Every structure is written in C-alpha cells, then in structure tokens.
Amino acid sequence: MEQNQKQEGTHKRRVRYKGTHPRSYQEKYKELQPERYADTIEKVIRKGSTPAGMHISICVKEILDFLQIRPGQTGLDATLGYGGHTRQMLGCLEGKGHLYGLDVDPDESWKTAKRLRELGYGEEILSVRLMNFADVDQVAEEAGGFDFVLADLGVSSMQIDNPRRGFSYKTEGPLDLRMNQQKGISAAERLQEISEEELFGMLLENADEPYAKEIAAEIIRTRKRGAKIETTLQLRGAIEAALSFLPAAQQKEAWKKSCQRTFQALRIDVNSEYEALYTFLEKLPGVLRPGGRAAILTFHSGEDRLVKKSFKKYQREGLYREIAREAVRPSAEECAKNSRARSTKMRWAVRA
C-alpha cells in the first residue's frame, strides 16, 4: 500500500490543452517525446514543420558528398546541436575511427549525448565536449588532427521553439538568448547597459537592419521612461512602436522582419558569435590533417562573409588546396519540406 502511494506521488500527468490541437511548447508532449510517438513526428515533418524539441538537419547529402568520410578517419562536429549531422557522419565511419562533438549549450548537449549513446555510439567512437568551437585547437591536440570538420552555425530548432530560452519573438518568454544560460549576461541585461549609438551599430553590423536608428532610439526611450525590456514580447512591442511611422499596410511585414533581425543581432552579441567564429576560422587550417576537408553552414550574410573571406585568405597563403567558388544551397525540395533551410549556404575548403 505504502509503495503504491509512493509511485502515485511521483506520477506526472501530461499537460492538458484547450481545443483539438496543442499550441504552446509545453503542451506538445507527443512531439517532445519522439522515441514514444514516432507517428506524430512523421506527420509533423510531412507537413513541412519541425517538431517541438527537435531539429531537422540541413544539407545532409551535400555535406556527406563533400566530406567523403571513410571508416577509420577522425572527425569533428564543431556544433553538435541535436546530433542529426553527427549521427550521419558516425554511420559513415561504420564503427571504425572517432568523432568528436562540441557544443556550448549544457541543456541540449547532454540530451544529444544520451540520445546517441542509446543508439549504440559509445565513448570508443564518439566523444562529446561541452566547449566552444573557438577552442577547437584544444580538442585537435587530443585527437591528433582531423580528417573532416563540420560546423553548422545555425541556432537549433529546439532552442528557438523553447520559450524559456528567449530566442523567438513569437512567444512570451524571458529575453535571454544565451546558448549557455550559466555564463555571461542575458539580452535583457545587455539592453539595460548599452548606449543608443552602440545599439545602432550592433543592429547594423549583426543583422543589416534597415530601421536600426529608429529601433535603437525607441529602446533607449523605453529605458529612459523607467520601463524595462525583460521579455521577448516587450522587445517585440518596442520594435512595433519604432516602426509605427510606416504606412499601416506595410507595418506587419516590416516589424516581423525587423523582429527577426533584432533578435539575431542581440543573440550574436550576447554569445560573442562573430568573435568565436573568427577564432575558429583562424585555427581551422591548423587542426586539419593534409587533405582534410571542412564544411561550414551559414545562415546570414555576416557569417557567410567571414567564412568566405577566411577561406580565400588561407587559400592565397597556400593552406587550403581548394575552396568552394560558389556557396552550395539546399535543394528546392529540401526548402519545401523545411522552411528553415531557405537561408542556408554551405562553403567548403580542402587542406593543402
């Protein structure tokens, strides 16, 4: 009797929701348990959506075609994420060789490591490290260099969809935007200390925001009134107010795009993404073995410019034997199935 009561005390009922379909992130309990509800996951993907708590890997075929992974090689997934690319690369190794996976997000990296371990990829073939890819030289020293390297610079869907992370302007949540919520300051804290001039520059440099001046001015005005911008919807409200001068017919589409760009600019800033990418690109030739291959997925022009410039520089210096002349784009079919693939560009380089 006592044991039954104890078991009942630990039982948790699923989240109830109104209507016929779950709407909020927490209510999508089937999507959040793909191992139990595979049929639901399949239906969501078939509709062209990404299930809550999941991430659909982009350009998988293009990446594998380029990397030409062979059993016995040593490789690196510099941005582990949900582990979709990692799993495909592990399959190419056929149980021989080793793959390292890096990620700065402690919440997601342990889930991915657990998922991959349960699929049979043990320590003998897969090492997962909680670290920024800017420190790639440290893991390369342990590995003895890499035959192939992949870096997917996009934010994972499970981060975007989770309102507690603050990555999306569509749902209410704390304005955080950090990949690792245990380090640094949140986007809300950043907005409390930043000057109007610096914010204007951030929006331009990190997101090419055409209304950077108006948005920066409105955010500072809000702060001067004594109001804090601490949530995603409060920031969205400030952006809507900043663009209120536009004709009514243009406002909805304009603030939607400006929200996307502003959140992107803040995310890049609080995570020092450009600094980390620049350091990674600087170290990349040194961690690749002769003939080693590197592929990088970018999702906005700022990232792509950095990658393109770095690859060209090191090719001129003789460190890369060959680089992509044009960016590789996902197929129209993939973009139709996964709308988040549309802005993707893949660039690659081969070590001399």
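Residues numbered from 1 in each chain as written. Predicted model: local features only at pLDDT ≥ 70, side-chain atom pairs only at ≥ 80, totals over all residues. Heavy atoms only, no water.

In total, this model carries 21 salt bridges according to the counting rule given. Its salt-bridge partner being Asp304, residue Lys345 comes within 3.7 Å of it at the nearest N-O pair. Placement of the pair is Lys345 in strand β7 (residues 345-351) and Asp304 in helix α14 (residues 301-316), with a sequence separation of 41 residues. Overall, Asp304 belongs to the buried group, its relative accessible area being 7%. Across the pair Lys337 and Glu333 runs a salt bridge whose closest N-O atoms are separated by 3.5 Å. Of the two residues, Lys337 and Glu333 are both situated in helix α15 (residues 332-337); the distance of 4 residues between them amounts to about one turn of the helix. Comparing Lys337 with Glu333, the two get one shared label, exposed. If you follow the salt bridges from partner to partner, you end up with Arg190, Glu193, Glu198 and Asp269 in one network. (Salt bridge = Lys/Arg side-chain N within 4 Å of Asp/Glu carboxyl O. Helix = DSSP H or I, 4+ residues; strand = E, 2+ residues; numbered from the N terminus. Buried < 20%, exposed > 50% of the residue type's maximum accessible area, 1.4 Å probe, protein only.)

The final tally for this structure, using the stated rule, is 8 aromatic pairs. Counting every residue linked through ring pairs, the aromatic cluster contains Tyr169, Trp255 and Phe263. Taking NZ or CZ as reference, Arg115 lies 3.8 Å from the ring centre of Tyr82, over its face. (Phe/Tyr/Trp six-rings, centres within 6.5 Å; stacked < 30°, edge-to-face > 60°. Lys NZ or Arg CZ within 6 Å of the ring centre and 35° of its normal.)

Leu175, Leu177, Leu191, Leu199, Ile219 and Leu235 are the most contacted members of the largest nonpolar core, which has 32 residues in total. When residues of this core are traced back to their parent elements, those giving at least two are α8 (187-193), α9 (196-207), α10 (212-224), α11 (232-242) and α12 (248-270). Looking at this core element by element, the count peaks at 7 residues for α12. Leave out the neighbours within four places in its chain, and Leu199 touches Leu191, Ile194, Ala216 and Ile219. In terms of nonpolar packing, the next biggest core, distinct from the first, is built from 30 residues, Ala134, Leu153, Leu277 and Leu281 among them. (Core = buried A, V, L, I, M, F, W, Y, C linked by side-chain atoms within 4.5 Å. Contact = heavy atoms within 4.5 Å.)

With that settled, the discussion passes to the environment of Ser57. With respect to the helices and strands, Ser57 occurs in the loop between α2 (38-46) and α3 (60-67). Sequence separation between Ser57 and Ser157 is 100 residues; the distance between their C-alpha atoms is 9.8 Å. Sequence-distant contacts of Ser57, defined by excluding residues within four places in its chain, comprise Gly84, His85 and Glu334. Within the structure, the side chain of Ser57 is placed 3.3 Å from the backbone nitrogen of His85, a separation counted as a polar contact. (Polar contact = N/O pair within 3.5 Å; in protein donor to acceptor, adjacent residues only side chain to side chain.)

Take the sheet that holds strand β2 (residues 98-103) next. Backbone-to-backbone hydrogen bonds pair the strands of a sheet. The strands run either parallel or antiparallel. Strand order in the open sheet made by the 7 strands is β3-β2-β1-β4-β5-β7-β6, with mixed pairing throughout. Edge positions in the sheet fall to β3 (126-130) and β6 (320-323), since each of these pairs with one other strand and no more. If you compare each strand with its neighbour and ignore which way they point, the axes differ by 15° on average. The sheet contact formed by strand β4 (residues 146-152) and strand β5 (residues 288-298) spans 6 bridges and is parallel. When the sheet's bridge partners are listed, Val149 is paired in β5 with Ala294. (Pairing = 2+ DSSP bridges. Axes fitted to C-alpha atoms, helices over the stretch in contact; angles between N-to-C directions.)

In this section: the pairing of β3. Where β2 meets β3, 5 bridges bridge the pair, whose relative direction is parallel. If you follow Leu99 over to β3, its bridge partner there is Leu126. Taking the sense of rotation as the criterion, the β-α-β connection linking β2, helix α5 (residues 106-118) and β3 turns out right-handed. (Right-handed = clockwise from strand over helix to strand, strands pointing away.)

Regarding helix α4 (residues 84-93), the residues found buried are His85, Thr86, Met89, Leu90 and Leu93. Around the axis of α4, the buried residues are gathered within 135° of arc, so they sit on the same side. One or two residues past the end of α4 sits Glu94, with phi positive at roughly 55°. (Arc of directions from axis to C-beta.)

Summarising the element assignment, Ala332 is placed in helix α15. When the C-alpha atoms of Ala332 and Arg342 are compared, they prove to be 8.5 Å apart, with 10 residues separating the residues in sequence.

Another aspect to go through is the confidence of the model for the protein. Looking at the protein as a whole, the pLDDT averages 88, with 84% of positions reaching at least 70. Here residues 1-9 is modelled with pLDDT under 50, and outside its nearest four sequence neighbours on either side it reaches 0 contacts, counting other chains as well. (pLDDT = per-residue confidence, 0-100.)

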